[in-house]
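Each chain, letter by letter, is given below.
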Amino acid sequence: MVYVASWDDFLEKSLLLFRSQPDQTRYSTKYRHCDGKLVLKVTDDKECIKFKTDQAQDARKMEKLNNIFFTLMANGPQADISEVGVKEQIEAQPAKKGRGRKQ
Amino acid sequence: MEGFGNSALFFHKQSALLNSHTQYTEMVRLQPDPFLNELTNMFERTTEKGSVWVTLKHSSDKSKVKINKMKTAGEKIEYKCLVRATDGKKTISTMVGQKDHSRFQSSYATILKTRMTALKKRERKDRRKTADSDKKQEPKKPSSAAKPSN
């Protein structure tokens, strides 16, 4: 289990992972009120990245990530997430995967 | 202990391992609104102990066989966002489509904001990058490495 220290790193890696394996990737959140801990996990069953925190500020960042994933997963991996406030560098990588599904 | 969600991604019934005994909890598929209600209850039940897991996955809710058939027939496969939640004992799930995803995502965010209150507010300035406009420094607490606010 790979814990990523930086939020931005985690964000970027999880989006890359999802875009490369949209059918296998899942995003998991575990919250323990009694411990005040939050753990996020993104995996495609081959690679796995995690982020853990006990900070309230990270909960706000997680909300953004939730929105991003909801948008991507409900609309498809090619969905435009710019309105969710994602960094430009991620947008600059258009999904090159074949669009076999949509044909 | 098998991690939650590792197995049976494409099946509707999931086993939830409790202690060392295998107990099978049926996955309950709900509509988005009842799901949100039940999720709120889960958070309420786990304030003293326990965890709430929520998992999001891009899914079409169809078996691989059906997907392949649809692909060869040239049919468009409709994808939705599968959301699952469990407290280790009970598991619920729902499918959120394109139309209701905005509404669902804001209701979901509200639930989290209301419920995830045990996380620590920022006391130490070890994250200089985050310049949230609503940062609240509590000066009454003499933190160990407290830098003066900028």
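Presented here is a report on the structure given in the accompanying data block. Think of each chain on its own: its residues are numbered from 1, step by step along the sequence as written. Written order decides the labels, with chains lettered from A and ligands numbered from 1. The model is predicted, so local features are restricted to residues of pLDDT at least 70 and side-chain atom pairs to those at 80 or more, both for listing and for counting; the totals for chains, interfaces and linings are taken over all residues. Excluded from the side-chain calculations are hydrogens and water; all other atoms, namely the structure's heavy atoms, are used.

**A short note on the interface of chain B and chain A**
Note the cut-off: Any two residues whose heavy atoms approach within 4.5 Å are treated as being in contact. Buried surface area refers to the total accessible area, computed with a probe of radius 1.4 Å, that the two partners give up upon joining, counted for both partners together. What counts as a salt bridge is simple: a side-chain nitrogen of Lys or Arg found within 4 Å of a carboxyl oxygen of Asp or Glu. Two N or O atoms count as a polar contact when they lie within 3.5 Å, although within protein this holds only if one can serve as hydrogen donor and the other as acceptor, and sequence-adjacent residues are included solely when both atoms are side-chain atoms. Helix and strand labels come from DSSP, where a helix needs a run of H or I of at least four residues and a strand needs a run of E of at least two; each type is numbered from the N terminus. Put simply, Ala, Val, Leu, Ile, Met, Phe, Trp, Tyr, Cys and Pro go in the nonpolar bin, Asp, Glu, Lys and Arg in the charged bin, and everything else, Gly too, in the polar bin. Between any two strands, at least two bridges found by DSSP are needed for them to pair.
In this assembly, 47 residues from chain B lie in contact with 44 residues from chain A. Together chain B and chain A conceal approximately 4,000 Å² of surface at their shared face, both sides included; 53% is due to carbon and sulfur atoms. Its largest share of buried area at the contact with chain A, chain B owes to B:Leu56, B:His58 and B:Leu119, together 18% of the area lost on that side. For B:Lys113, the salt bridge goes to A:Glu63, with nearest N and O atoms at 3.1 Å. Between chain B and chain A we count 13 residue pairs in polar contact (both at pLDDT 80 or more) in total. Taken together, the elements giving at least two residues each to the side of chain B that touches chain A come down to β4 (52-59), β5 (80-86) and α3 (101-115) of chain B. By residue number, the principal contributor to the side of chain B that touches chain A is α3(B), which donates eight residues. When its residues are assigned to classes, the side of chain B that touches chain A shows 17 nonpolar, 15 polar and 15 charged. Where strand β2 (residues 26-32) of chain A lies against β4(B), six bridges are found, and the strand directions are antiparallel. Considered in β4(B), the bridge of A:Ser28 is made with B:Thr55.

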